[in-house]
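# Analysis of the macromolecular model
Now for the letters of each chain:
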Amino acid sequence: MNMFRGAFLSLLAGMVGTMLAVPAASAQTTVSSFTLQVEGTAPAVKTGLPETVKFDGPVVITATVVTDPGLPPGVVLSIDGRGVRGRGLKTGTVYDNEAEANLTRPFGPTDHVETTFAFFENAAGSFMNAKGALLTLNLTYDTTTMALTKVTGDIGTL
Amino acid sequence: MHSPIDTLRSGLPDFFRPQLLTAAIALGLCTLPPGAYADGVPTGLPPSPSFGIQKFTQPMPRLDLLARNPVATLNPAPTEQANTAAQPVEPALGGGTGPIEGRPPGPIWAHQGWTRFPPRVAIEATMEGAKVNTSYNPGVPASLNSGINPASPFPPRFHPNLPDQGPLALWTFNGTLPPKLAIARYGEPVLFREHNKLPTDPKANGGFGIHSISTHEHNGHHGAENDGFTGAYFFPNQFYDYHWPIVLAGLNTINTGATDPKASGPDDSGGLTTVPGDWHETMSTHWFHDHMFSFTSQNVYKGMAAMFNLYSGLDRGNEAIDDGVNLGLPSGTAKSWANLDYDVNIVLADKAWDAKGQLAFDKFDFDGFIGDRMTVNLVDNPYFEVEARKYRFRILNGSVSRFFKIALSDGSPMIQIGNDGNLLPHPVPLTELDEQGIAERYDIVIDFSRYPVGSKVYFVNLVQQTNGKKPDRDLSLREALAGSSNDPVVGKFLEFRIVRNPAQPDVSRVPDPLIPNPVLPAVTRSRTFEWGSGGTQTTLPARPGSGSEVTAFDGPWGVKTDHQGEMLAADYGRITAAPSSGTTEQWTLQNGGGGWDHPIHIHFEEGQIISRDGSPNRVPAWEKGRKDVYRLRPGGSLVIRMQFRDWGGMFMEHCHNTVHEDNAMLLRWEIDNGGAPFLRPLPTPIATPQGVTFVAPDDILPSAF
């Protein structure tokens, strides 16, 4: 009886492996990057700062598109906008930011992404008084190569 | 003999293990329960009935402090080696006699450092079925706990509209809610004694969960005998003594004279007790949870989880002391350390319940389990009253398979100060936290002084996830607030009510830097671990004495090591890696699972992420500290470096999507070279109620060395 049960378990276990195993080799990953120059403003009335802040600079977008037989194609979108600088329109105060994000997105020919980020005066300890701004991106993919082909976007507020 | 696998083999439910059940279904030997094929959230179950619950109608309770007692209160007294005094074993567990302590006996599982770090504090808890809490200790007055009267009985329920959870549905520390919080400080070793008071009948489990348990202190720098090894589990009517020495890594090589005041713990009068070790390895926010082989997901979901705050000279839990060491993070001032007034633990966990309001779980879906109700500290969508000042929140993702991404509803910044157990080198201001994987802890500071008294702001979850494989998508704040997602856990889940100005000035600080990273010595060995599907088992079929009873059978998940051989399903009798004590290694963690996501947890040692997807520039600011859970992301990889030192024994690494972990995405590694350039492989413990026996490792991979 015990021998039968052991053989039966092995059979079941083997079947489970066959039924559930998805060969990892069938998954495909495509990585592409795009650098976008963005600009925009964060009005004082929205941020509570004494002045409107004007932003401009590069945002590096890296799209890792993964196709997997067991899943709809998806994208891990890495956004690095730390090169963007803000400047106060009245005082000329310089603002840095922490515009880094990794976003999970479904893959399609186009995507519209909104993500907020924190910005703060370029001074020691100023991160405690950080404010929020909004980065909007419109992405276009080549659905054959899975690569990013075009990105537009700007900076604003919620 | 009564291990889960023995249960499978010896007459109780033959299809006890989920994998086997699935195969049995395919053979037409049994059927799934009604609703198991339902689409949507919760996965595999009907939607949880609402019971008329409205969000934000009950307060979020602070966690319930576990009492700290003199070690002399423990009876019997703790011992260096396991206490093997015999007791009768109930017939449901096989009868006969067995040891009172479930820790494996003998010198290998004796407490390391027992004489050097004798326990000075005892924390004693049970694991048992749900009951009313009549001794709730939130550690703060009711005014700082949303008005909850701790003297009132605290029922085991997720909302006043719901019935109490039954003793078979919910298993928690001390059998009660809220979840528990332990506190400790450097320089004060802890003896955590856990009594297993669960039913002796393994079928008395409310449909899921198992009564044998092993508690992992995540991510303690302790000897392996205290790590909650997945095979070192113990049974009802036994206890297990975990010795947590609470030491800094590097204690044998750095600051050995304990002369650096930054390497310290707080004393009771505002001063410091210095300790040996590297202060850069100071840790802050841990948790402990069940790690039972093949049943971690079910048991943790059932309630076997608690948080653990570690206090140090740097992270004092007193915001007013300014002695050049204390960072002064938001906490409070009344006590010299461990003030919880403005330091709040938060456990996030998605749940589901059945038509009777009892906790429900789908154990048949190996992708993972996603619930449709959001709980915070195990109550449904609560509110929390705050003063208009800075607060620290220690946020734990205590889910089985769900990721979270948190923002404030008005888009205001938060300051992330910690990731996993560790304070970051620098604070990071963020308006949206990163996706928080299962078991990850994010420590953040929110300054509520920006809000007028009487106003409200919310935590919002931006991640839509409808299966256990990975998040579907991250929504914008606008989309998440619109309420259009098909995932009921998207959107607002915790309401902050700014109820008053602080009675005392807020003197807390968030300094920069916080805790810089330790300097890593040169790498002596590199390894690669690929995490994917299609795991196979090379240690089957069972041979007498082979230890094959410690395998997870075939996958579906597995790990391939150093690009060699097959993707292997878990076998805790197999030694996959054997780092040499005193060395630094570089480990590459690769997602071999295509579009899936896997949060990988490495026990015992903290690592630093060197690169993501081949680039150091892809490591975001909030991952530039030390970590113990590493998200791979779909198609992703990362490189980490870790030092292996101070303690030895058998440890693990695994996916912390605990359904993946339970279905074979786990491996054992160990440190035991005794100073020599070779491994002395440790025998594998085989736990039974009648006592723990040992077998030789059933496999040692060539890549181990």
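Residues numbered from 1 in each chain as written. Chains lettered and ligands numbered in written order. Predicted model: local features only at pLDDT ≥ 70, side-chain atom pairs only at ≥ 80, totals over all residues.

## So, the overall build of chain B
Looking only at helices and strands, chain B has five helices and 41 strands in total. For 705 residues, the compact-globule estimate of 2.2 N^0.38 gives 27 Å, and chain B sits close to it at 24 Å. Each of the three principal axes of chain B carries a C-alpha extent, and together these read 70 × 60 × 55 Å. Out of the 705 residues in chain B, the part that is buried amounts to 63%. Residue pairs at least 24 apart in sequence account for 75% of intrachain contacts in chain B once pairs closer than 6 positions are excluded. (Helix = DSSP H or I, 4+ residues; strand = E, 2+ residues; numbered from the N terminus. Rg over C-alpha atoms; globule rule 2.2 N^0.38 Å. Buried ≥ 20, exposed ≤ 12 C-beta atoms within 10 Å, placed from the backbone. Contact = placed C-beta atoms within 7 Å.)

## What about the sheet that holds strand β26 (residues 491-500) of chain B?
All names here are of chain B. Read across the open sheet, the four strands follow the order β17-β26-β23-β19; overall the sheet is mixed. The sheet is open, and its two borders are formed by β17 (383-387) and β19 (406-408), each paired with just one other strand. Looking at each pair of strands side by side, their axes are set apart by 25° on average, direction ignored. (Pairing = 2+ DSSP bridges. Axes fitted to C-alpha atoms, helices over the stretch in contact; angles between N-to-C directions.)

## With respect to the nonpolar core
Within the largest apolar cluster, 222 residues are counted, with the highest numbers of intra-cluster contacts made by B:Ala306, B:Ile417, B:Ile444 and B:Leu589. Ranked by the residues each element gives to this core, the list is headed by strand β2 (residues 53-68) of chain A, at seven residues. When neighbours within four sequence positions are excluded, B:Leu589 is seen to be in contact with B:Phe529, B:Trp531, B:Ile600, B:Tyr630, B:Leu632, B:Ser637, B:Leu638 and B:Ile640. (Core = buried A, V, L, I, M, F, W, Y, C linked by C-beta atoms within 7 Å.)

## With respect to the sheet that holds strand β22 (residues 441-447) of chain B
Residues and elements named next belong to chain B. Strand order in the open sheet formed by seven strands is β16-β15-β14-β18-β22-β20-β21, and the pairing between neighbours is mixed. Of all the strands in the sheet, the pair left with one neighbour each is β16 (379-380) and β21 (422-430). The pairing of strand β18 (residues 390-397) with β22 spans seven bridges and is classified as antiparallel. Paired with Leu396 across the bridge in β22 is Arg441.

## Focus on unusual backbone geometry
Residues and elements named next belong to chain B. Between Val41 and the following residue, Pro42, the backbone shows a cis peptide bond with an omega angle of 5°. With respect to the helices and strands, Pro42 occurs in the loop between α2 (18-26) and β1 (64-65). Cis geometry marks the peptide bond from His218 to Asn219; its omega dihedral reads 15°. A positive phi angle, close to 50°, is found at Phe51, a residue other than glycine. C-beta crowding within 10 Å serves as the criterion here: with 15 such atoms nearby, Phe51 is assigned to the partly exposed category.

## Some details on the environment of B:Lys131
Residues and elements named next belong to chain B. Here Lys131 lies in the loop between β4 (121-129) and β5 (171-173). Taking the C-alpha atoms as reference points, Lys131 and Phe154, 23 residues apart in sequence, are found 9.0 Å from one another. When near neighbours in sequence (up to four residues on either side) are disregarded, Lys131 contacts Pro156, Pro167, Gly175 and Thr176.

## Details of the confidence of the model for chain B
Overall, the predicted model of chain B reaches an average pLDDT of 93, with 93% of residues at or above 70. Counted against residues more than four places away or in other chains, residues 1-38 of chain B, with its pLDDT under 50, gives 65 contacts. (pLDDT = per-residue confidence, 0-100.)

## Observations concerning the confidence of the model for chain A
In this model, chain A carries a mean pLDDT of 87, and residues with pLDDT of at least 70 account for 84%. Note on residues 1-25 of chain A: pLDDT under 50 across the span, and 44 contacts to partners over four residues away in sequence or across chains.

## A few points about the environment of B:Phe235
Residues and elements named next belong to chain B. Checked against the element boundaries, Phe235 lands in the loop between β8 (215-218) and β9 (239-244). Classification of Phe235 by C-beta neighbours within 10 Å gives buried; the count is 26. Distance from Phe235 to Thr200, taken between C-alpha atoms, is 8.0 Å for residues 35 residues apart in sequence.

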